[in-house]
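# An overview of the molecular structure
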Amino acid sequence: QSLQKSIPFLHITETGMNLKTQSILFLISTATIGFMMLAFRLPTWFLLLPIGFFITQLVLGAIYIQRNFYIDSINQLSSQQTKEKKICLTFDDGIHPEFTPRILDSLKAHRIPAMFFVIGKNLPGQETIIRRMQDEGHVIGNHSDQHSFWFDMQSARKMLQEIQTTNQTIERMTGQVCRFFRPPYGVTNPNLAKAIRKSGLQSVGWNVRSLDTTAKNKEELLHRLTRLTRPGSIVLLHDRCSVTAEALTEYIDYCVAEGYTFVTL
């Protein structure tokens, strides 16, 4: 901690090192190997070692948001909340006209708050549902405007435009300023990092991935969720999935029986 205070760019996360730190280590290791090659006449392929390692870190940092490689995301609850057996339910890709209300019904029946990361293009015509989310105490977050497969290939400017468009839609429909953003697919890169900084939003990841988008049935989804849920979990679900709507009440019942309580960020 004292080292991080004296050298601000040396930010080591709980799960790895960020881009700046890895870049510095890459330069140091490359220079060291280069010196050894000259001093001991080592073959040139030795240079592939730091290059391969660095490229691997770039790829892993992009696809695993939990590494906080490009962006500092909230991927789990605080240590105090972990001690208190708290968890946070989050739902991506809404609003869905059929399944989102069913999920809201389950949450309301148990008086549980959750976080909904909505896609901007899905919001027109769903004013009643998004206002219900707001009225029932849920947090509404930004999940981009289009959620395109090519989102991560865009420039920082276009990413920021998408984020701002959805922010404006949420604010217009609810009267509240959006505070949280979840990257589509959980993929991050330097362009997105720049866009998020400019947007002023806080990135949110997860540490329990339900895989509800690929679950074959309710039993499979429940087995995975109950096996992975721990104190401090931020659980990734999708309110566009019928299996999620089917399994949610039983999952909540399991969590309550295990002594968990539910919070939002």
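These lines cover the structure that appears in this document, whether it is placed above or below. (Residues numbered from 1 in each chain as written. Predicted model: local features only at pLDDT ≥ 70, side-chain atom pairs only at ≥ 80, totals over all residues. Heavy atoms only, no water.)

### What to know about the overall build of the chain
Applied cut-off: Elements are defined by DSSP. Helices are runs of H or I of four residues or more, strands are runs of E of two residues or more, and each kind is numbered from the N terminus. The cut-offs for exposure are 20% and 50% of the maximum accessible area for each residue type, with area from a 1.4 Å probe on protein chains only; residues under the lower value are buried, those over the upper are exposed, and the others partly exposed. Contacts are residue-level and defined by heavy atoms, with any inter-residue pair within 4.5 Å sufficient. Only the protein chains shown count as cover for residues, and all accessible areas are computed by the Shrake-Rupley method using a 1.4 Å probe. In this tally, Lys and Arg are treated as positive and Asp and Glu as negative; His is ignored, and so are the chain termini. A charge is said to be at NZ when it belongs to Lys, at CZ for Arg, at CG for Asp and at CD for Glu.
Of the regular secondary structure elements, the chain holds 10 helices and nine strands. Taking the principal axes of the C-alpha coordinates as reference, the chain spans close to 70 × 40 × 40 Å. The proportion of buried residues among the 265 residues of the chain is 46%. When contacts within the chain are restricted to residue pairs at least 6 apart in sequence, long-range pairs at least 24 apart make up 73% of them. Total accessible area on the chain is roughly 13,800 Å²; 57% of this is exposed by carbon and sulfur atoms. Across the chain, the centroid of the 28 positively charged side chains sits 9 Å from that of the 22 negatively charged ones.

### Points about the packing of aromatic side chains
Rules: Two rings from Phe, Tyr or Trp (for Trp, the six-membered ring) form a pair when their centres sit within 6.5 Å of each other. Planes less than 30 degrees apart are called stacked, planes more than 60 degrees apart edge-to-face, and all others tilted.
What the rule picks out here adds up to three aromatic pairs. Aromatic pair Phe69 and Tyr70: ring centres 4.9 Å apart, planes at 80°, arrangement edge-to-face. Here Phe69 matches Tyr70 in class, with each residue buried. Between the aromatic rings of Phe91 and Phe116, the centroid separation amounts to 5.0 Å while the plane-to-plane angle is 15°, which identifies the pairing as stacked. Of this pair, Phe91 sits in strand β2 (residues 86–94) while Phe116 sits in strand β3 (residues 115–118); the two residues are 25 residues apart in sequence, bridging distant segments of the chain.

### Structural notes on the pattern of salt bridges
Formally: A pairing counts as a salt bridge when a side-chain nitrogen of Lys or Arg comes within 4 Å of a carboxyl oxygen of Asp or Glu.
Per the stated rule, a full pass over the model turns up seven salt bridges. Of the charged contacts in the structure, one is a salt bridge between Arg182 and Asp92, with a shortest N-O distance of 2.9 Å. Placement of Arg182 in the loop between β5 (180–181) and α8 (190–199) and of Asp92 in strand β2 is noted, with a sequence separation of 90 residues between them. Exposure class is identical for Arg182 and Asp92. Each is buried. Residue Arg132 pairs with Glu136 through a salt bridge whose shortest N-O separation is 2.7 Å.

### Notes on helix α5 (residues 99–110)
Test applied: The span expected for a helix works out to 1.5 Å for each residue beyond the first.
Relative to the 16 Å expected for 12 residues at 1.5 Å per residue, α5 spans 17 Å between its end C-alpha atoms, a close match to the ideal helical length. Of all the positions in α5, only Phe99, Thr100, Pro101, Ile103, Leu104, Ser106 and Leu107 are classed as buried. Here the buried face of α5 lies against β2, β3, α6 (127–135), β8 (234–238) and α10 (242–257). Two residues or fewer past α5, Arg111 is found with a positive phi of approximately 55°.

### Observations concerning the packing of α5 against α10
Geometry of a packed helix pair, given as the angle between the helix axes and the separation of the axes. Heads up, the condition is: Note on geometry: axes are C-alpha line fits, over the in-contact stretch for helices, and angles between N-to-C directions span 0 to 180 degrees. The cut-offs work like this: below 35 degrees is roughly parallel, past 145 is roughly antiparallel, 65 to 115 is roughly perpendicular, and the gaps in between are oblique. Only Asp, Glu, Lys and Arg are considered charged in this grouping, and only Ala, Val, Leu, Ile, Met, Phe, Trp, Tyr, Cys and Pro are considered nonpolar; every other residue, Gly among them, is considered polar.
Closest axis-to-axis distance for the α5/α10 pair is 8 Å, and the angle between their directions is 10°. Classified by the angle their axes make, α5 and α10 are roughly parallel. Judged by residue contacts, Phe99, Arg102, Ile103, Ser106, Leu107 and His110 of α5 engage Ser242, Thr244, Ala245, Glu246, Leu248, Thr249, Ile252 and Asp253 from α10. Along the lines of polarity and charge, the residues of the contact of α5 with α10 split into six nonpolar, five polar and three charged.

### Structural notes on the nonpolar core
The condition is simple: Residues belong to one nonpolar core when they are buried, are Ala, Val, Leu, Ile, Met, Phe, Trp, Tyr or Cys, and are joined through side-chain atoms within 4.5 Å.
Judged by nonpolar contacts, the single largest core of 36 residues is most densely connected at Leu89, Phe91, Leu107, Phe116, Met133 and Tyr251. Secondary-structure elements contributing two or more residues to this core are β2, α5, β3, α6, α7 (156–174), α9 (218–228), β8 and α10. Per-element tally for this core: the top contributor is α10, with seven residues. In this structure, Met133 is in contact with Ile95, Thr100, Leu104, Phe116, His138, Ile140 and Asp239, ignoring residues within four places of it in sequence. Formed by 14 residues, the second largest nonpolar core is a distinct cluster that contains Ala62, Leu160, Ile163 and Ile196.

### Re the environment of Phe180
Along the chain, the position of Phe180 falls in strand β5. The class of Phe180 is buried, set by a relative accessible area of 6%. Ignoring any residue separated from it by four or fewer positions in sequence, one finds Phe180 in contact with Met115, Phe117, Val139, Gly141, Asn142, Leu201, Gln202, Val204 and Leu265.

### A few points about the environment of Val187
Residue position: Val187 is located in the loop between β5 and α8. Spatially, the C-alpha atoms of Val187 and Ile65 are 6.4 Å apart, while their sequence positions differ by 122 residues. Non-local contacts of Val187, meaning those with residues more than four positions away in its chain, are made with Ala62, Asp152 and Leu192.

### Quick look at a nonpolar patch on the surface
So the rule is basically this: In this scheme, patches are assembled from residues that exceed 30% relative accessible area and form no salt bridge. Like charges are connected within 9 Å, while nonpolar side chains (Val, Leu, Ile, Met, Phe, Trp, Tyr) are connected within 5 Å.
Taken together, the side chains of Trp45, Leu48, Leu49, Ile51, Ile55, Val59, Ile63 and Tyr64 define a hydrophobic patch exposed on the protein surface, amounting to about 790 Å² of accessible area. Of note, Tyr64 is situated in the loop between α3 (48–63) and β1 (73–74).

### Brief notes about α6
Basically, it comes down to this: This arc is taken over the directions from the axis of the helix to the C-beta atoms.
Inspection of α6 places Ile129, Ile130 and Met133 among the buried residues, and these make up the whole buried set. Buried residues in α6, looked at end-on, bunch into an arc of 95°, giving them a common side. Exposed side chains of α6 directed beyond 90 degrees from the buried face belong to Thr128 and Asp135. Positive phi appears at Gly137, one or two residues downstream of α6, with a value of about 85°.

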